[in-house]
Amino acid sequence: MDLQDNVQKEYGRFEQIVSHFLSKSLHIILDSRVPSIFPNGQNPLLGTPVKKSDKWFTLILGDGPACLENLSLWHRNLTEPMIIDIVLVQEVPDSSSGHNPTITFGLGMYVETLIERWVVQYEDSRTVFPHVVESSSSYKKTYKKSIILLRSLYSLMRLLPAYRPFQKLCSSTRALDFDISYKVSSFTAPFSRKELEVMKIHQFTPVDAPEGRLFISLTYRDDLSCFNLDTSIAYPPQIITDYFA
Amino acid sequence: MNCEVCPLKELELEHFEVREVLRCVLHTIFFHRALGLVRPKDVDLELFDITYVQCGDLDLEKKIEEKIDQFIDRVEKHPNKKYQSVTYLEIRLKKSGNTVRAEIVDSGSSRLGFNRLVFSDRGYGFTADLQSDSSVKICLSFYEVKNKPGTWFPKKLERLYWEQWEINLNVVQQQKAHSSKSHHSKVVVDPGESAVEETSIRRAALEASLREVLFQIIKFVNEKKDHVPPIPNLDGISFPYEITIPGSSDSAFGMDMFKRMLQTGHPTMLS
């Protein structure tokens, strides 16, 4: 059945687009928030050959973090949301400071604060009777619009408040009293009312797809000034007893 | 096909800020319209705390710089509202409660209109900045080249514009005016500190406006995607474009009067 073959072929191409869309989104987000997962630096060198996988959505980002390789194994159901939490981890001077430490290590107390939550999802709107794909160009339109959406995601990452602490982590030669980590999941507890009071929401216009739509949304803290991220750790002076001139 | 037009919020800036601001806005638009294969390049502005993205296309970078050079050259050659040096003005202070207002009058005691009078009340000190404005709209358009209908031989090609961006810049030229000390009042001019403070306020406002413009670009490219044609070229800059600098608008009010006053008026003391 040629028609049935065409439909399956089209849907196969579309599944590829969705799968790579999730992976590229994750790469873009982590690339500009979590320096620690890119030990060799993020920017791909000019002149280095571009891998086929990196050409997706015509945006060359270079090698991705290790978690990207596992994404396809973990995220088998394409309609499940991919939720990326960006977490500010801050060292607390002492336990009497009034903070509520959530992690205790040997030497210090740390507080984790969620500063951004990204939700990347493909919503499947197929009904009982799936309609036939109009033409072979429909997945091409979806792909073109996805390119534009990912471009704007890339730009927006650099305009949001969380980009500044990321830049500080990348460029600082001294130890800082904070770090940025992340969590990826397909389900998470909703925000409390108190948390939502200090957060803003940004939604990208969804990209229509033959059987649904792709969308990206963000809930984020638009003011990070209360975290005093401009300070660095001041180590007390120490006498080096075995110093040789 | 519809031509989608996006007029961007007007940015008020000084001459030395033009290059950075234009680079930022133009490159940001191109990054969202260069749908071929690109290696994005992050650029931190020197004058503002903003990072924008370039496509990493050297030809495009060169063409943008050429256009910016043309624009700056044009602004320098045709400032329109450039002041002659101000030697003297009569400035009257009127106090109402805790507010001090400054009113500039000419020697004939008729009120002059200026584009803008900015002053700060710092007790007994103030500066008055008289500004002349030059508003310019730079257009970045994307188009397709098609055969003109109805023509067969010779074939004629026409440009079908599908998107136009309007970058509105208001290039401000400032000149300081100082009050003269009068035996009737104890006004003391303190231009240094207040000038620094004003510059700082103005710079912060421009940064916020520039950020708004970048968000405006992102919003527009997200909301309007249907009019974008199929991608013809999978390498870098995919669509043909043109950057034009139409005639500037004349936004001054009363400038001719002011120039006449400078030529014919005589100094008067503060009243």
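How each quantity is defined
Residues numbered from 1 in each chain as written. Chains lettered and ligands numbered in written order. Predicted model: local features only at pLDDT ≥ 70, side-chain atom pairs only at ≥ 80, totals over all residues. Heavy atoms only, no water. Helix = DSSP H or I, 4+ residues; strand = E, 2+ residues; numbered from the N terminus. Buried < 20%, exposed > 50% of the residue type's maximum accessible area, 1.4 Å probe, protein only. Contact = heavy atoms within 4.5 Å. Areas by Shrake-Rupley, 256 points an atom, 1.4 Å probe, with all protein chains shown as cover. Salt bridge = Lys/Arg side-chain N within 4 Å of Asp/Glu carboxyl O. Buried area = accessible area lost by both parts, 1.4 Å probe. Nonpolar A, V, L, I, M, F, W, Y, C, P; charged D, E, K, R; others polar. Axes fitted to C-alpha atoms, helices over the stretch in contact; angles between N-to-C directions. Parallel < 35°, antiparallel > 145°, perpendicular 65-115°, else oblique. Left-handed = near helix turned anticlockwise from the far one by under 90°. Pairing = 2+ DSSP bridges.

A look at the overall build of chain A
When you go through chain A residue by residue, the secondary structure sums to five helices and seven strands. Out of the 245 residues in chain A, the part that is buried amounts to 44%. Intrachain contacts of chain A at a sequence separation of at least 6 include 79% that bridge at least 24 residues. By element, 53% of the accessible surface of chain A is carried by carbon and sulfur atoms, the whole surface being about 14,100 Å².

Section: the pattern of salt bridges
All chains considered together, the criterion is met by 24 salt bridges over all chains. Between R33 of chain A and E116 of chain A there is a salt bridge whose closest N-O contact spans 2.9 Å. In this pair, R33 of chain A sits in the loop between helix 1 (2-31) and helix 2 (66-74) while E116 of chain A sits in strand 3 (residues 109-124), placing the two residues 83 residues apart along the sequence. Like E116 of chain A, R33 of chain A is buried. Between K41 of chain B and E61 of chain B there is a salt bridge; the shortest N-O distance is 3.3 Å. One end of the pair, K41 of chain B, is in strand 3 (residues 41-44); the other, E61 of chain B, is in helix 2 (residues 58-77), with 20 residues separating them in the sequence. Overall, K41 of chain B belongs to the partly exposed group, its relative accessible area being 36%. Shared partners join several salt bridges into a network, and the residues in it are E14, E17, R202 and R203 of chain B.

Digging into the interface of chain B and chain A
With 29 residues of chain B at the interface, the matching set in chain A holds 30 residues. Summed over both sides, the interface of chain B with chain A buries roughly 2,700 Å², with 60% coming from carbon and sulfur. If you sort the residues of chain B by the area they bury against chain A, L37, R39 and K225 of chain B come out on top, with a joint share of 27%. Applying the counting criterion to the chain B and chain A interface returns three salt bridges. Among the salt bridges present, the one from R158 of chain A reaches D42 of chain B, with a minimum N-O distance of 2.8 Å. Put simply, the parts of the chain that give the side of chain B that touches chain A at least two residues each are helix 1 (18-33), strand 3, strand 4 (51-54) and helix 3 (191-223) of chain B. Per-element tally for the side of chain B that touches chain A: the top contributor is helix 3 of chain B, with seven residues. Here the side of chain B that touches chain A is composed, by residue class, of 16 nonpolar, four polar and nine charged.

Looking at the packing of helix 1 of chain B against helix 2 of chain B
All names here are of chain B. Where helix 1 meets helix 2, the axes come as close as 10 Å, and the angle between the chain directions of the two elements is 140°. With respect to helix 2, the axis of helix 1 lies oblique. The handedness of the crossing between helix 1 and helix 2 is right-handed. In this structure, helix 1 uses V18, R19, L22, R23, L26, H27 and F30 to contact helix 2, whose residues at the interface are L60, E61, I64, E65, I68, D69, F71 and I72. Here the contact of helix 1 with helix 2 is built from residues that sort into nine nonpolar, one polar and five charged.

Focus on unusual backbone geometry
Most peptide bonds take the trans configuration, and most residues that are not glycine carry a negative phi. Residues and elements named next belong to chain A. Backbone geometry places F57, a non-glycine residue, at a positive phi of 60°. One non-glycine residue, T58, lies in the positive phi region at around 50°. Secondary-structure assignment places T58 in the loop between helix 1 and helix 2.

Regarding the pairing of strand 4 of chain B
Residue and element names in this part refer to chain B. Going residue by residue along strand 4, you find T51 and V53 tucked away on one face and Y52 and Q54 tucked away on the opposite face as well. Across four bridges, the pairing between strand 3 and strand 4 is antiparallel. Each residue of the ladder has a partner; that of V43, found in strand 4, is Y52. Count of turn residues in the strand 3/strand 4 antiparallel hairpin: six residues.

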